[in-house]
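# Notes for the structure review
For reference, the chains in residue letters:
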Amino acid sequence: YLKTTIFGLVGLCPDYAMIIVNANAGFQKMSREHLGIALALSIPFFFVVTKVDIAPDNIFADNMAMLKKIVKSNAVKKNPLLVEKPHDLTPGL
C-alpha cells in the first residue's frame, strides 16, 4: 500500500496531499507515513477529519488537539487553520 502511495505522490506530481483522519481513531501510523512523504517531497497538505458525527466529544477534542500539535511540531512547522464553514477560508487566502 505504501508503495502505491509513494508512486502516486512522486509519479503524478500532485498539487496537494489530502490526508484523511478518522475523528474516532485519530492520527494513525499510516497517516504519519503519508505526512512524512508529503513533507519530504514538499507537497502542501491538508487534513480532512471524517466521522465527526459519531465520535464522542472528548475523543474528538483529543484527536483535534493531537492534529494541531503535529502541525505545529518542529518536523512540520505550520500554522493550523481549522475550516468548519466556507467563510473560515478567508484567513487562509
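Scoring rules and cut-offs
Starting afresh in each chain, residues are numbered from 1 along the sequence in its written order. Under the rules for a predicted model, residues below a pLDDT of 70 receive no local features and side-chain atom pairs below 80 are neither given nor counted, while totals for whole chains, interfaces and linings still include all residues. Hydrogens and waters are ignored; side-chain quantities use all the structure's heavy atoms. Starting at the N terminus, helices and strands are each numbered in turn, a helix being any DSSP run of H or I of at least four residues and a strand any DSSP run of E of at least two. Classification of residues uses two cut-offs on accessible area relative to the type maximum, computed with a 1.4 Å probe and protein chains only: under 20% is buried, over 50% is exposed, and between them is partly exposed. Where accessible areas are quoted, they stem from the Shrake-Rupley method and a 1.4 Å probe; at the residue level, only the protein chains shown are allowed to cover. The contact criterion used throughout is that any non-hydrogen atoms of two residues lie within 4.5 Å. To get an axis, fit a line to the C-alpha atoms, keeping to the stretch in contact for a helix; angles then go from 0 to 180 degrees between the N-to-C directions. Orientation labels follow simple angle bins: below 35 degrees gives roughly parallel, above 145 gives roughly antiparallel, 65 to 115 gives roughly perpendicular, and whatever is left gives oblique. Here a crossing is called left-handed whenever its near helix is offset anticlockwise from the far helix by less than a right angle, and right-handed whenever the offset is clockwise. In the scheme used here, Gly and all other residues not listed as nonpolar or charged are polar, with Ala, Val, Leu, Ile, Met, Phe, Trp, Tyr, Cys and Pro taken as nonpolar and Asp, Glu, Lys and Arg as charged. Aromatic pairing here means that ring centres of Phe, Tyr or Trp (its six-membered ring) are within 6.5 Å. Orientation follows from the plane angle: under 30 degrees is stacked, over 60 is edge-to-face, and everything else is tilted. Here, the arc refers to the directions that run from the helix axis to the C-beta atoms. For the purposes of this section, nonpolar cores are sets of buried Ala, Val, Leu, Ile, Met, Phe, Trp, Tyr and Cys residues that join through side-chain atoms within 4.5 Å.

## Describing the overall build of the protein chain
Secondary structure summary: the protein chain contains three helices and two strands in total. Across the protein chain, helices and strands are ordered from the amino to the carboxyl terminus as α-β-α-β-α. Dimensions of the protein chain, computed from C-alpha atoms along their principal axes, come out at roughly 40 × 30 × 25 Å. Residues counted as buried form 26% of the 93 residues belonging to the protein chain. For the protein chain, the computed accessible surface area is about 6,800 Å², with 60% contributed by carbon and sulfur atoms.

## Examining the side chain of S31
You can see S31 is positioned in helix α2 (residues 29-40). By relative accessible area, which is 9% here, S31 ends up buried. The contacts of S31, once residues within four sequence positions are left out, are I19 and I20.

## Focus on the packing of helix α1 (residues 2-11) against α2
Where α1 contacts α2, the axes come no closer than 11 Å and their chain directions differ by 25°. Taken together, the axis directions place α1 and α2 in an arrangement best described as roughly parallel. For the pair α1 and α2, the sense of crossing is right-handed. Residues L2, T5, I6 and L9 of α1 touch α2, and the partners they reach there are M30, E33, H34, I37 and A38. Residue composition of the contact of α1 with α2, by class: six nonpolar, two polar and one charged.

## Thoughts on the packing of aromatic side chains
In the structure shown here, the tally under the stated rule is two aromatic pairs. Ring plane angle 85° and centroid distance 5.5 Å describe the contact between F27 and F47, whose orientation is recorded as edge-to-face. Of this pair, F27 sits in the loop between β1 (17-22) and α2 while F47 sits in strand β2 (residues 45-50), placing them 20 residues apart in sequence. Here the two residues F27 and F47 agree in accessibility, since each one is buried. Pairing F45 with F47 gives two aromatic rings, centres 5.5 Å apart and planes at 65°, and the pair type is edge-to-face.

## Topic: α1
Here α1 has its buried residues at T5, G8 and L9. In an axial view of α1, the angular spread of the buried residues amounts to 90°, which keeps them on one side of the axis. Seen from the open side of α1, the exposed residues pointing more than 90 degrees away from its buried face are K3, T4 and F7. Elements in contact with the buried residues of α1: β1 and α2.

## Remarks on the nonpolar core
I19, F27, L35, F45 and F47 are the most contacted members of the largest nonpolar core, which totals 16 residues. Secondary-structure elements contributing two or more residues to this core are β1, α2, β2 and α3 (57-72). The leading source of residues in this core is α3, at four residues. Those residues in contact with F27 that sit more than four places away from it in its chain are I19, V21, R32, L35, F47, M66, L67 and I70.

By themselves, these figures tell us nothing about what the structure is for.
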